[in-house]
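Observations on chain architecture
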Amino acid sequence: QVQLVESGGGLVQAGDSLRLSCAASGRTFSSRAMGWFRQAPGKEREFVAAISRSGGSTYYADSVKGRFTISRDSARNTVYLQMNSLKPEDTAVYYCAAKRDSGSYYSPSGYDYWGQGTQVTVSS
């Protein structure tokens, strides 16, 4: 069992930065790849970024590549999403998720534990 709690969301202006955190409970954190997804009103949940178990490999959606950085701190059982140069189109609820052993990094179906989400709103 893995429990995930996101924090760090808020209301910012275009061009600002935010860092999201996802604290994981349970002893399986280090054995799990982790991902961030987001969902805007009326839209499907979409992949944002993911990081392998070791942290040696990272994956990004084209829309955030070069602006967002995912990282993990195994000592703190925490995964981060540093978001720079935010745009109004980044406005969404952001979810942290723990990946299954199999399945795609890029699809929600590849993840079996989810946090409750944190709202990010970017004003123009």
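Heads up: the structure comes first, above all this text.
Okay, so let's go over this structure.

Conventions and cut-offs
Residues numbered from 1 in each chain as written. Predicted model: local features only at pLDDT ≥ 70, side-chain atom pairs only at ≥ 80, totals over all residues. Heavy atoms only, no water. Helix = DSSP H or I, 4+ residues; strand = E, 2+ residues; numbered from the N terminus. Rg over C-alpha atoms; globule rule 2.2 N^0.38 Å. Buried < 20%, exposed > 50% of the residue type's maximum accessible area, 1.4 Å probe, protein only. Contact = heavy atoms within 4.5 Å. Core = buried A, V, L, I, M, F, W, Y, C linked by side-chain atoms within 4.5 Å. Pairing = 2+ DSSP bridges. Axes fitted to C-alpha atoms, helices over the stretch in contact; angles between N-to-C directions. Phe/Tyr/Trp six-rings, centres within 6.5 Å; stacked < 30°, edge-to-face > 60°. Lys NZ or Arg CZ within 6 Å of the ring centre and 35° of its normal.

**Observations concerning the overall build of the protein**
Across its full length, the protein carries zero helices and eleven strands. From first element to last, N terminus to C terminus, the protein shows the α and β order β-β-β-β-β-β-β-β-β-β-β. Compactness check: the protein gives a C-alpha radius of gyration of 13 Å against a globular reference of 14 Å for 124 residues, within 12% of the reference. Each of the three principal axes of the protein carries a C-alpha extent, and together these read 40 × 25 × 25 Å. Counting only residues that meet the buried cut, the protein has 44% of its 124 residues in that class. Within the protein, counting contacts between residues at least 6 apart in sequence, those at least 24 apart form 57% of the total.

**Things to note about unusual backbone geometry**
Backbone geometry at Asn77 places phi at a positive 50°, although glycine is not the residue there. Topologically, Asn77 is positioned in the loop between strand 7 (68-73) and strand 8 (78-83). The class for Asn77 is partly exposed, based on a relative accessible area of 23%. A positive phi angle, near 50°, is found at Ser85, a position not held by glycine. Take Ser85: it is sitting in the loop between strand 8 and strand 9 (92-99).

**A short note on the nonpolar core**
Inside soluble globular proteins, nonpolar side chains tend to come together where they are buried. Judged by nonpolar contacts, the single largest core of 36 residues is most densely connected at Met34, Trp36, Leu81, Met83 and Tyr94. If you list the elements that add at least two residues to this core, you get strand 3 (18-25), strand 4 (34-39), strand 5 (46-51), strand 7, strand 8, strand 9 and strand 11 (118-123).

**A closer look at the sheet that holds strand 3**
Strand-to-strand pairing in sheets goes through backbone hydrogen bonds, with the strands running parallel or antiparallel. Judged by pairing direction, the sheet is antiparallel, and its four strands sit side by side in the order 1-3-8-7 without closing on themselves. Sheet topology places strand 1 (3-7) and strand 7 at the edges, where each strand pairs with a single neighbour. With strand direction ignored, the average angle separating the axes of adjacent strands in the sheet is 15°. In this structure, strand 7 lies alongside strand 8, joined through six bridges in antiparallel fashion. Note on strand 8: the bridge partner recorded for Ser71 is Tyr80.

**Looking at the packing of aromatic side chains**
In total, this model carries seven aromatic pairs according to the counting rule given. A ring pair is formed by Tyr59 and Tyr106, whose centres lie 6.1 Å apart and whose planes are at 85°; its orientation type is edge-to-face. One end of the pair, Tyr59, is in strand 6 (residues 58-60); the other, Tyr106, is in the loop between strand 9 and strand 10 (111-114), and 47 residues separate them in sequence. Above the plane of the ring of Tyr95 lies Arg45, whose end atom (NZ or CZ) is 3.8 Å from the centre. Sitting over the face of the ring of Phe29, Arg72 holds its NZ or CZ atom 4.5 Å from the ring centroid.

**Notes on the side chain of Arg32**
Of note, Arg32 is situated in the loop between strand 3 and strand 4. For Arg32, a relative accessible area of 15% gives the class buried. Beyond its immediate sequence surroundings of up to four residues, Arg32 is in contact with Val2, Arg53, Arg72, Ala98, Lys99, Arg100, Asp112 and Tyr113.

Geometry only, nothing functional implied.
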